[in-house]
Each structure stands twice: as structure tokens, then as C-alpha cells.
Amino acid sequence: VRATQWSVGGNTKIVTSGNLIAWVADEATTGAGGTDLNGDADKTDGVAVGVVANTQTQFNVGVAAQDLTWIGSQLFLVVSETADGEDWNGDLDTGDTVLLRWTVGATTPTFVDEIDTASSKKLVSFTTRLVYPTADAVTGANTSNLRTIDAATPTVITPVATTDAGGSLRPSILSQEEGLVFLALNESLETRVLNGDGDSTDSFVLALLDLRTAGASVQNVGEALPGTSAPVRAKLVAAADWQVGFLVSESAQGAANLDDPTTF
């Protein structure tokens, strides 16, 4: 057992990739009286730090991170410019939420993109691929605000297409399981019906994305969840084939009666 030099909160996120371990350290309880780990002149942030286990070396990324994940040896971080005191995207303000990329030995992270803060989760990953929602405007059929990045080409951002020819989609990321990403579509945001119930007021229409497969498209399931915390499960059967379970709101799904035993 070896102790690091940083304190953490009880619910800190810890992410690993091979010998690489990263987590969010608590400035307020690191060192006597706290420690400013990201250089913004306060001691109130959660800052990304980590360990290279095989060399027993520690590193401080030096940014206030809301979320983080490895894909290969690349660490991707969701950072609030406000908390970090840094204009990462160079737009002359510090009010954005951004995605940064960092590798062991780098002096500072590299700006990747501005993130859509409306999404429930700002990024999820599976093995060597991640997906996140860009804040950039999207228009046109079969387009979405989702972007993927692969570990093999970490500087390349790939737009995620959809199977919806009716216009663009701006899904919110809910979770991922077995490489299948659960998404919620907001009909009010898209100003059209997405679950076939005749209204455009449902906020959580389920959609899915295969994160295992490069170039996969967002698929609209066409059923309305009761909310972002609704239970969902996925079991991989074969390549690009899952069994998927989820909870549907009968009222949001056009007052459908889905638990009548005679229709099972």
C-alpha cells in the first residue's frame, strides 16, 4: 500500500488505463491549510492528478476537472473555465465548459472542443473510444451534436451521424453499458415528434449509439423515458447486437397501456 500526496473527496471518480491512474484531488484538504493545485489563487477546486503505477511517479495535470477518462494513454478532461480561471478556448471569457486532452509528461493540457452543458453527462468512453456533445451548432438531416475520438488518432474529432432524415439531433448522454451509449432526445428542443405519439413535448425519448463501432449512427428507439435517471441496461449478444432493457413512461408515450398482461 502506498499513499499519494493528495487528499480526495469520498466520492471522487477514479479512472485507469493500464498502469495509468487518474482522479480528482481536493485542494481544500491537501496539505496544511489547503493547496492551490491549478494556480488560480484559490484552494476550493477539485484538480486532476494521478499516478504512473509501474514507475511509482505522481503527476498533477493542473486543471479543475468535472469529469475525466482515459482512452489509451490519452487523458480527456471536462473542465469548467470558471472554476479553473482559464480561457481555454480563446474566446476572451471564462464562462465555458471545455474538453481538454493531456498525456503523461505534457506541460499543460491541449484544448479539444467546447462542450454542450445541457447534456446529462459530458463524456463517456469504452476501451479506446469516447463520445461527447459539442457546443457547436448543428443543422441538417442525419447530423448530431455528438463527436467521437479514438485513441489511435487522438487529435481527430469525428462527427456522429444519425438515422433521422428529418433534421439534426442534439441528444443528451445518459450512460454507457457494454459499449452501448444511452441517449435522451428532447422533442421541445428539436420541435418535432420523435416517439410517434402525436405531440412534441417529451423530453427524454430514448436513442442509442454503438460506441464499439467506428462510424456508427445514433438510432432513435422511439420510446419516452420518465427521466434521465430511469433504469437502463444493455447486454452484448454479438458484434453490433445487444439486448436492451429500459423503463418507459406510459403518459409520455401517448398514454399507452404497456403493462396489460393480455398484450404481452
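Refer to the structure presented above.
Just so you know, these numbers come straight off a predicted model, no measurement behind them. (Residues numbered from 1 in each chain as written. Predicted model: local features only at pLDDT ≥ 70, side-chain atom pairs only at ≥ 80, totals over all residues. Heavy atoms only, no water.)

*Asks:* Whenever I open this one, the pattern of salt bridges confuses me. Can you help?
*Replies:* Proximity of charged atoms lets side chains of opposite charge pair with each other. Within this structure, the stated rule accounts for 5 salt bridges. Across the pair Asp-164 and Arg-192 runs a salt bridge whose closest N-O atoms are separated by 2.9 Å. Of the two residues, Asp-164 sits in the loop between β11 (153-161) and β12 (172-177) while Arg-192 sits in the loop between α2 (187-190) and β14 (205-210), which places them 28 residues apart along the sequence. Judged by relative accessible area, Arg-192 falls into the buried class, the value being 18%. (Salt bridge = Lys/Arg side-chain N within 4 Å of Asp/Glu carboxyl O. Helix = DSSP H or I, 4+ residues; strand = E, 2+ residues; numbered from the N terminus. Buried < 20%, exposed > 50% of the residue type's maximum accessible area, 1.4 Å probe, protein only.)

*Asks:* Help me out: how do you make sense of the layout of surface pockets in this one?
*Replies:* One way to see where empty space is left: roll a probe the size of a water molecule over the atoms. One number sums up the size of the largest pocket: a volume of about 220 Å³. Considering the residues around the largest pocket, the lining is formed by 18 residues, among which Asp-116, Ala-118, Arg-170, Ser-172 and Leu-189 are closest to the centre. Across the lining of the largest pocket, the residue classes break down as 8 nonpolar, 7 polar and 3 charged. When its volume is computed, the second largest pocket comes out at roughly 170 Å³. Put simply, the parts of the chain that give the lining of the second largest pocket at least two residues each are β2 (20-26) and β4 (57-71). Classifying every residue of the lining of the second largest pocket by side-chain character gives 4 nonpolar, 4 polar and 1 charged. (1 Å grid on protein atoms, 1.4 Å probe; cavity = no way out; pocket = protein on both sides within 12 Å on 5 of 7 lines; lining within 4 Å. Points joined across faces, edges and corners; volume = space filled by probe spheres on them. Nonpolar A, V, L, I, M, F, W, Y, C, P; charged D, E, K, R; others polar.)

*Asks:* Just to check I follow, could you spell out the side chain of Asp-197 for this structure?
*Replies:* Mapped onto the elements, Asp-197 comes out in the loop between α2 and β14. Buried and without a salt bridge, Asp-197 has Arg-192 as its closest oppositely charged side chain, separated by 12 Å. In this view, Asp-197 contacts Glu-187, Asp-202, Ala-252, Gln-253 and Gly-254; residues no more than four positions away in its chain are not counted. (Lys, Arg positive; Asp, Glu negative; His and termini not counted. Contact = heavy atoms within 4.5 Å.)

*Asks:* Sorry if this is basic, but what is going on with the sheet that holds β2 here?
*Replies:* Within a sheet, each strand pairs with its neighbour through backbone hydrogen bonds, oriented either parallel or antiparallel. What the 7 strands build is an open sheet, ordered β1-β2-β3-β4-β5-β6-β7; its pairing is antiparallel. Strands at the two margins of the open sheet, each flanked by one partner only, are β1 (14-17) and β7 (110-114). Across the sheet, the mean angle separating the axes of adjacent strands is 40 degrees when strand polarity is ignored. Of the strand pairs in this sheet, strand β3 (residues 46-52) and β4 are connected by 5 bridges, and their pairing is antiparallel. Considered in β4, the bridge of Val-49 is made with Asn-60. (Pairing = 2+ DSSP bridges. Axes fitted to C-alpha atoms, helices over the stretch in contact; angles between N-to-C directions.)

This is a description of form; function is not addressed.
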